Amino acid sequence: LSDRLTETFRNLRTKGKLTPADVDGTVREIRRALLDADVALPVVKEFTAKVRERALSDEVNKALNPAQQVVQIVNEELIAILGGQQRRLQFAKNPPTVIMLAGLQGSGKTTFAGKLAKMLESDGHTPMLVAADLQRPNAVNQLQVVAERAGAAIYAPEPGNGVGDPVKVARDGVEAARRQQYDTVIIDTAGRLGVDAELMKQAADIRRAVDPDEVLFVIDAMIGQDAVNTAKAFQEGVDFTGVVLSKLDGDARGGAALSVASITGRPIIFASTGENLDDLEPFHPDRMASRILDLGDILTLIEQAQQAFDEAEALKVAEKLATETFTLEDFLDQMQQFKKMGSMKKMLSMLPGTGQMKQQIDNFDEREIDRTEAIIRSMTPSERRNPKILNGSRRLRIARGCGMTVTDVNQLVQRFDQAAKMMKTVARGGVPNIPGMGPV
Ligand code: GDP
Ligand code: MG
């Protein structure tokens, strides 16, 4: 997924304006990339339609850099599908909080039960695991091992009593937790290799019996196209309040995440990323979007640039240039905008493919901006507005005022002229350069 998209976006980045053909080409690539990542077809269709519509809208055409806008749109739409905000586990007002797990066999329920217990404990909770998977002979024992490793309490049926009733075990488990004042109960349940009616009924019965605060559907991120049918079946059969994406440590690109979130509308709450009990993280929609896009830190970069370099401001400057009223005061404003972007070197190092620019990056001196600022500040307002009046004696006075040499002042005026030219490019819809750098 990543390489192709990166390539597409790189092509986009070199363009000033986007034509409808550009947008269509990009949307085609995004579509192919998502299908490669095993995102379900209806989800892909809906997603690309939305991106296309927004990419062709005024929002993009008026933007300073349309290519970045498209990347931004793709990112935003991905995050939106993935639930927007991070969703936290919901705790009951009156403990114990009851959390029930559901999912196919091998999806990672039992492992997750241990991971969650451990995470809750480190947050100061007192979880108790309940072994309500009585389907497989070894299941209770497996949960016992996990509980021990997590250092958590466990409620399990007495061994050797034949096949027990998982609904009763679940109900008794919650009762035991309440009596012994554990504040959370995690109910592990049985799964089958495929969706089946009996299993679904059992899960629904358990749900009805214990009235959980959360029902978490655990799904293997590597499941691919089957994610949709499995998720739908569990939503209809048991219904769930949240999703746990397991085995994200594999080479799954997160296609299942997109499909499940989009089709069920349920938030993904946790990401399980390994076989160890510590391999559990709260799910962050924005991080998953980046993982799906896999554009390195480019999205972070765009964000930073957008926050700092207010586009409306830039357009105002461009307008001034068109009417030749760009002044040193505007230049100073602009410098401050660039400064707000934070460390330029760090910013540039986040861009993919900046290898050739390394020399320029190393040569860039951020203190240059400070010096520039000092010089402009020691000019009179009329000098700032009209640099043409800067004769020799004025330059000398300015140099003294800021503790620099006349040569420094001369260089600044020269750079101002260059910047004015650069801003003219912007006014014509081109991509701006950053002073002291080549094109970014
Ligand atoms: P259950 O049948 O749903 O209870 O699934 P299990 O918890 O028994 O997990 C099935 C297998 O997947 C076990 O071998 C686990 O070690 C493994 N597993 C579970 N979660 C993860 C994970 O996040 N990453 C990896 N790599 N393996 C996992
Ligand atoms: Mg299990």
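Residues numbered from 1 in each chain as written. Chains lettered and ligands numbered in written order. Predicted model: local features only at pLDDT ≥ 70, side-chain atom pairs only at ≥ 80, totals over all residues.

Visitor: Help me understand helix H2 (residues 20-36) in this model?
Guide: In an α-helix, one full turn covers 3.6 residues, which means residues spaced three or four apart are oriented alike. In this model H2 runs 24 Å from its N-terminal to its C-terminal C-alpha over 17 residues, within 8% of the 24 Å that 1.5 Å per residue would give. When we look at burial in H2, the residues that qualify are Val23, Thr26, Val27, Ile30, Ala33 and Leu34. The buried residues of H2 occupy an angular sector of 125 degrees when projected down its axis, which confines them to one face. Directly after H2, the chain includes aspartate 38, whose backbone phi takes a positive value near 70 degrees. (Helix = DSSP H or I, 4+ residues; strand = E, 2+ residues; numbered from the N terminus. Expected span 1.5 Å × (residues − 1). Buried ≥ 20, exposed ≤ 12 C-beta atoms within 10 Å, placed from the backbone. Arc of directions from axis to C-beta.)

Visitor: I keep staring at the sheet that holds strand S2 (residues 127-132) and nothing clicks. Help me out?
Guide: Spatial strand order, S3-S2-S4-S1-S5-S6-S7-S8: eight strands in an open sheet with mixed pairing. Where the open sheet ends on each side, the last strands, each with one partner, are strand S3 (153-155) and strand S8 (280-282). Within this sheet the neighbouring strands show an average axis-to-axis angle of 25 degrees, counted without direction. One ladder, built from three bridges, connects S2 with S3; its direction is parallel. Residue leucine 129 lies in a different strand from S3, and its bridge partner there is isoleucine 154. Of the strands in this sheet, strand S1 (97-102), S2, S3 and strand S4 (184-189) are in contact with helix H8 (residues 166-179), which crosses S2 at around 165 degrees. (Pairing = 2+ DSSP bridges. Axes fitted to C-alpha atoms, helices over the stretch in contact; angles between N-to-C directions. Contact = placed C-beta atoms within 7 Å.)

Visitor: How should the site of ligand 1 be read in this particular structure?
Guide: Neighbouring ligand 1 are 17 residues; Gly108, Lys109, Thr110, Thr111 and Ser272 lie closest to it. Among the elements that take part in the shell around ligand 1, helix H6 (residues 109-122) stands out by supplying three residues, more than any other. Considered class by class, the residues forming the shell around ligand 1 number no nonpolar, 12 polar and five charged. (Near = placed C-beta within 6 Å. Nonpolar A, V, L, I, M, F, W, Y, C, P; charged D, E, K, R; others polar.)

Visitor: When you look at the UniProt feature "domain: SRP54-type proteins GTP-binding" (unreviewed entry) in the chain in this model, what are you seeing that I'm missing?
Guide: According to UniProt, the "domain: SRP54-type proteins GTP-binding" (unreviewed entry) feature falls on residues 267-280. Note that residues 267-280 is 0% helix and 43% strand, and that its end C-alpha atoms are spaced 16 Å apart. (UniProt positions renumbered as here; feature names shortened; annotations may be inferred.)

Visitor: When you look at unusual backbone geometry in this model, what are you seeing that I'm missing?
Guide: Leaving glycine aside, a negative phi is the common case for residues, and trans is the common case for peptide bonds. Of note, the bond from proline 95 into proline 96 is cis; its omega dihedral lies within 30 degrees of zero at 5 degrees. You can see proline 96 is positioned in the loop between helix H5 (66-81) and S1. Residue glutamine 181 is not a glycine yet carries a positive backbone phi of 60 degrees. Checked against the element boundaries, glutamine 181 lands in the loop between H8 and S4. Taking the number of C-beta atoms within 10 Å as the measure of exposure, glutamine 181 has 10 and is therefore exposed. In this structure, aspartate 211 takes a positive phi of about 45 degrees despite not being glycine.

Visitor: Which parts of the structure should I look at to understand the pairing of strand S5 (residues 214-220)?
Guide: Sheet faces and side chains relate simply in a regular strand, where the side chains alternate between the two faces. By the criterion of burial, S5 is predominantly enclosed, with six of the seven residues buried. Here S1 runs beside S5; their pairing, made up of four bridges, is parallel. Pairing of methionine 100 across the sheet is with valine 215, part of S5. Here five bridges tie S5 to strand S6 (residues 242-246), and the two strands are oriented parallel to one another. Opposite leucine 216, over in S6, you have glycine 242 as the bridge partner.

Visitor: Please clarify how the nonpolar core should be interpreted in this entry.
Guide: In summary, soluble globular proteins display a tendency toward joint burial of nonpolar side chains. Grouped together as the largest cluster of nonpolar side chains are 92 residues, with contacts concentrated most on Leu129, Val130, Ala131, Ile187 and Leu245. Split by domain, the residues of this core number at least three in each of domain 1 (2-81) and domain 2 (97-286). Sequence-distant contacts of valine 130, defined by excluding residues within four places in its chain, comprise Tyr155, Val169, Ala170, Gly173, Val185, Ile186, Ile187 and Asp188. Leu328, Phe331, Met379 and Leu412 belong to the second-largest nonpolar core, a separate cluster that totals nine residues. (Core = buried A, V, L, I, M, F, W, Y, C linked by C-beta atoms within 7 Å. Domains from an automatic or database assignment.)

Visitor: Would you mind showing me how to read the pairing of S6 here?
Guide: Within S6, five of the five residues are buried, leaving the element largely enclosed by the surrounding structure. What you see with S6 is no split at all: Gly242, Val244 and Ser246 on one side and Val243 and Leu245 on the other are buried throughout. Bridge analysis of S6 against strand S7 (residues 268-272) gives three bridges, and the strand direction is parallel. Looking at S7, one finds that valine 244 is bridged to phenylalanine 270.

Visitor: What exactly am I supposed to notice about the confidence of the model for the chain here?
Guide: Keep in mind that low pLDDT regions are not for reading the predicted coordinates in detail. Residue-level pLDDT values for the chain average 80, and 73% of them are 70 or greater. Taken together, the stretch residues 295-309 has pLDDT below 50 and engages in 30 contacts with residues farther than four places along the chain or on a different chain. In this model residues 431-440 is a low-confidence stretch, pLDDT under 50, and it forms 19 contacts with partners more than four residues away in sequence or in other chains. (pLDDT = per-residue confidence, 0-100.)

Visitor: Help me understand helix H18 (residues 367-377), please; the structure alone is not making it clear to me.
Guide: Taken as a whole, H18 has its buried residues at Thr372, Ile375 and Ile376. For H18, the buried positions fall inside an angular range of 95 degrees around the axis, keeping them on one side. More than 90 degrees from the buried face of H18, the exposed residues found are Arg367, Asp370 and Arg377.

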